[in-house]
Amino acid sequence: MNIGTRIRYYRLLRKISPEELTEGITSVSFLSSIENNEQTPSIEMLSQLCDRLEIPFMTYPNEELTQIFGKWKYSLLQNNKEEATLIFKELSSKISPREDIQLIFNYQIYLIRYFIIENQFEKALELIEQIKLFQFELPDELNFSFQKFYGNYLYCTGNFIEASKLFNNAKNYLFSILEYLNEEKADLFYMYGLTLGRINKNTLSIFYIEEALALFQQIYQMKRCTDCHMMLGLIYSRMQDYDEAEKNYIIAKQLAASLKYYDLLNNIENNLGLLKAKQDKSEEAIEHYLNSYSNHTKSDDQLQIIINIIKEYYKIGFIHEVKIWLDQGFKLLESEEKHKDQYIELMFYQYIVNGFPDGFEKFVLETAIPYYENIKQYHSIVLFSKKLGDYYQQRKKYQEAATSFAIANSAYEKILKL
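Please read these numbers as outputs of a predicted model, since none were measured by experiment.

Caption draft 1: Quick look at the overall build of the chain. Of regular secondary structure, the chain possesses 22 helices and 0 strands. Its C-alpha radius of gyration of 28 Å places the chain more than 25% over the 22 Å reference for a compact globule of 418 residues. For the chain, the proportion of its 418 residues judged to be buried stands at 49%. For the chain, the computed accessible surface area is about 21,300 Å², with 49% contributed by carbon and sulfur atoms. Where the 46 positive side-chain charges of the chain centre and where its 57 negative ones centre are 4 Å apart.

Encoded structure:
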């Protein structure tokens with residue numbers, strides 16, 4: 001990368017104005033032409049600018065640091081959070097302005113990925129905004145990584161349409177990626193497939209995840225293969241191809257068990273439960289939910305699984321079991337606000353199994369439906385308003401029942417539009 005890029009990078013990093021940097025050395029306009037790589041400064045002028053920026057005049061290749069960075073890069077591509085954290089501590093203590101500017105940018109771009117893995121999204125965004133200023137000066141290999149990790153950030157913050165555009169842009173740079181080609185390509189295709197699934201482009205989603213799976217298999221990254229089968233299960237389930245969904249979940253389950261990938265194994269069990277529930281196979285669904293519940297240690301995860309169990313027991317009329325799990329759910333509920341969704345669902349079933357005591361009507365109309373309207377969760381509005389309509393009909397309040405069923409129909413139409 002050019003001298004001018006290095007000067008501009010450290011000037012912006014140090015928050016030094018062009019006037020401050022050029023005073024007594026050169027003009028602001030000439031500095032601008034240097035930073036835009038239109039002019040090359042003399043050695044004397046470059047030395048003076050570097051002194052004022054407090055950076056060395058010359059940089060040299062650092063083989064040790066390059067090797068450490070390579071290991072860190074590989075651990076990040078494998079989503080190995082523990083190893084990436086250990087290497088980051090070593091790398092961050094050694095990297096300095098003495099290093100080549102391309103290595104600095106490489107480090108900064110992969111730091112975006114690291115912050116995303118650590119759920120430090122504000123720091124990731126801060127880096128993205130910094131690197132955007134140099135985007136058109138980056139070589140293709142760095143632009144590929146930047147587009148991909150910027151897409152990662154957008155995906156993790158829920159901006160799936162924009163994320164898909166960034167991943168598509170990254171594809172244009174694949175021809176330039178030589179080192180870690182399969183790892184980089186597989187990582188991109190996996191995230192692109194996930195994102196396409198989020199915007200309901202399911203066929204394309206399956207294509208890219210299967211491409212990623214084939215590449216992960218070639219380089220024996222079995223943990224990432226497990227992730228791929230898990231995602232294929234989710235997408236096929238969404239498409240109501242339940243046989244393909246179950247096949248992929250089972251493969252993922254076998255791989256996760258052999259790799260001792262317990263976090264994913266528990267999620268696979270829960271997803272198998274959801275799959276069986278969609279097919280009205282409540283007893284099988286409950287079996288999978290119980291497997292998932294028994295191995296989960298996080299109360300938030302346990303709470304959602306409890307609600308899934310309650311729904312299936314209610315479907316098959318096991319009211320005693322519903323009450324047992326309701327008690328367990330309320331014990332885990334830390335606060336109404338923190339777990340608003342779960343609180344509403346637990347209260348809903350509490351009202352139902354206790355014969356609709358006073359307050360049910362107010363709860364549905366003033367708490368549940370407004371909450372689900374706000375988060376656009378229309379399928380819950382359909383369920384709650386239909387149950388309220390049944391409640392009114394049993395009490396011969398036919399006008400109120402008709403209003404409730406109308407709310408359900410309106411929510412259902414919104415689902416169809418989605």
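Still more ground to cover, so stick around.
Caption draft 2: Region of the structure containing the pattern of salt bridges. Within this structure, the stated rule accounts for 20 salt bridges. Across the pair R224 and D227 runs a salt bridge whose closest N-O atoms are separated by 3.7 Å. Within this pair, R224 and its partner D227 are both found in helix 13 (residues 222-238), separated by 3 residues, close to a single helical turn. D227 shares its class with R224; the two are buried. Residues joined by salt bridges that share partners form a network here, namely K73, R113, E141, K148, E184, D187, R224 and D227.

Caption draft 3: Quick look at the nonpolar core. Within the largest apolar cluster, 91 residues are counted, with the highest numbers of intra-cluster contacts made by W72 and I112. Beyond its immediate sequence surroundings of up to four residues, I112 is in contact with A124, L127, I128, I131, F146 and F149. One finds A285, I305, W325 and V364 within the second-largest nonpolar core, a separate group that totals 42 residues.

Caption draft 4: Representation of the side chain of Q342 within the structure. For Q342, the position within the fold is in helix 19 (residues 340-353). Since its relative accessible area comes to 14%, Q342 is described here as buried. Excluding its chain neighbours within four sequence positions, the residues that come into contact with Q342 are L303, Q304, I307 and L333.

Caption draft 5: Layout of helix 20 (residues 360-374). The end-to-end C-alpha separation of helix 20 is 20 Å, in line with the 21 Å expected for 15 residues at 1.5 Å each. Where helix 20 bends most, at A368, the angle is about 30 degrees, and the proline P370 comes one to four residues later. Restricting attention to buried positions, one finds in helix 20 the residues F360, F363, V364, A368, I369 and Y372. Two residues or fewer past helix 20, K376 is found with a positive phi of approximately 60 degrees.

Caption draft 6: Main features of the side chain of N106. Inspection of the secondary structure puts N106 in helix 7 (residues 101-117). Under the relative-accessibility criterion, N106 is labelled buried at 11%. Dropping the residues within four chain positions of it, N106 is found in contact with F69 and L142.

Caption draft 7: Expanded view of unusual backbone geometry. At Q240, a position not held by glycine, the phi torsion is positive, near 65 degrees. As for its position among the elements, Q240 is in the loop between helix 13 and helix 14 (242-259). At F356, a position not held by glycine, the phi torsion is positive, near 55 degrees. A relative accessible area of 15% means that F356 is categorised as buried.

Caption draft 8: A nonpolar patch on the surface, seen in detail. A cluster of nonpolar residues, I43, F57, M58 and Y60, forms a patch on the protein surface that exposes about 440 Å² of accessible area. Assignment of secondary structure puts I43 in helix 4 (residues 43-53).

Caption draft 9: Inspection of the packing of helix 14 against helix 15 (residues 262-278) at higher detail. Contact pair helix 14 / helix 15: the axes reach a minimum separation of 9 Å and the direction vectors enclose 160 degrees. Viewed along their axes, helix 14 and helix 15 adopt a mutual orientation that is roughly antiparallel. Where helix 14 crosses over helix 15, the two elements pack in a sense that is left-handed. Between helix 14 and helix 15, the residues in contact are Y242, A245, E246, Y249, I250, A252, K253, A256 and A257 and L265, I268, E269, N271, L272, L275, K276 and K278, respectively. When its residues are assigned to classes, the contact of helix 14 with helix 15 shows 11 nonpolar, 1 polar and 5 charged.

Caption draft 10: The arrangement of the packing of aromatic side chains in detail. Within the structure shown, the criterion is met by 32 aromatic pairs. Centre to centre, the rings of F69 and Y110 are 5.7 Å apart; their planes meet at 90 degrees, and the pair counts as edge-to-face. Separated by 41 residues along the polypeptide, F69 in helix 5 (residues 63-77) and Y110 in helix 7 bring together distant segments of the chain. Here Y110 falls in the buried class, since its relative accessible area comes to 0%. Relative to Y349, the ring of F348 lies with its centre 5.3 Å away and its plane at 80 degrees, an arrangement referred to as edge-to-face. Here the two residues F348 and Y349 agree in accessibility, since each one is buried. Above the ring of Y261, the side-chain terminus of K223 is found at 4.6 Å from the ring centroid.

Caption draft 11: Local environment of the environment of K340. Tracing the backbone through its elements, the reader meets K340 in helix 19. Taking the relative accessible area as the measure of exposure, K340 reaches 17% and is therefore buried. On a C-alpha basis, the gap between K340 and Y371 in space is 8.7 Å, while along the polypeptide they are 31 residues apart. Apart from the residues lying within four places of it in its own chain, the contact partners of K340 are T367 and Y371.

Conventions and cut-offs
- Along every chain, residues carry numbers that run from 1 in the direction the sequence is written.
- Local features in this predicted model are restricted to residues of pLDDT 70 or higher, and side-chain atom pairs are both shown and tallied only at a pLDDT of 80 or more, whereas totals for entire chains, interfaces and linings draw on every residue.
- Calculation of side-chain values draws on the structure's entire complement of heavy atoms; hydrogens and water are dropped beforehand.
- Secondary structure elements follow DSSP: runs of H or I of four or more residues count as helices, runs of E of two or more count as strands, with numbering from the N terminus.
- Note on method: radius of gyration uses C-alpha positions; expected globular size equals 2.2 Å times residues raised to 0.38.
- Remark: exposure states derive from per-residue accessible area (1.4 Å probe, protein chains only) relative to the maximum for the residue type, with buried under 20%, exposed over 50%, and partly exposed in between.
- Only the protein chains shown count as covering a residue, and every accessible area follows the Shrake-Rupley method with a 1.4 Å probe.
- Think of it this way: Lys and Arg go in the positive column, Asp and Glu in the negative one, and His and the chain ends go nowhere.
- One atom stands in for each charge, and that atom is NZ of Lys, CZ of Arg, CG of Asp or CD of Glu.
- A side-chain nitrogen of Lys or Arg and a carboxyl oxygen of Asp or Glu constitute a salt bridge if their distance falls within 4 Å.
- For our purposes a nonpolar core is just a set of buried Ala, Val, Leu, Ile, Met, Phe, Trp, Tyr and Cys residues, chained together by side-chain atoms within 4.5 Å.
- In this analysis, two residues are considered to be in contact whenever any of their non-hydrogen atoms come within 4.5 Å of each other.
- A helix is expected to span 1.5 Å for every residue after the first.
- Bend at a given residue is defined as the angle between two axes, one fitted to the seven residues that end at that position and one fitted to the seven that begin there.
- A patch consists of residues whose relative accessible area exceeds 30% and which take part in no salt bridge; residues with like charges are grouped when within 9 Å of each other, and nonpolar side chains (Val, Leu, Ile, Met, Phe, Trp, Tyr) when within 5 Å.
- Between N-to-C directions, angles span 0 to 180 degrees; the directions come from axes that are lines fitted to C-alpha atoms, helices contributing only their stretch in contact.
- Any angle that is under 35 degrees is reported as roughly parallel, and any over 145 degrees as roughly antiparallel; angles of 65 to 115 degrees are reported as roughly perpendicular and all others as oblique.
- It is the rotation of the near helix from the far one that decides the hand of a crossing: anticlockwise by less than a right angle makes it left-handed, clockwise makes it right-handed.
- In this classification, Asp, Glu, Lys and Arg are treated as charged, Ala, Val, Leu, Ile, Met, Phe, Trp, Tyr, Cys and Pro as nonpolar, and every other residue, Gly included, as polar.
- Only the six-membered ring of Trp is used, alongside the rings of Phe and Tyr, when aromatic pairs are assigned; centres must lie within 6.5 Å, and planes under 30 degrees apart are stacked while those over 60 apart are edge-to-face, with the rest tilted.
- Cation placement over rings: the criterion is NZ of Lys or CZ of Arg within 6 Å of the ring centroid and within 35° of the ring normal.

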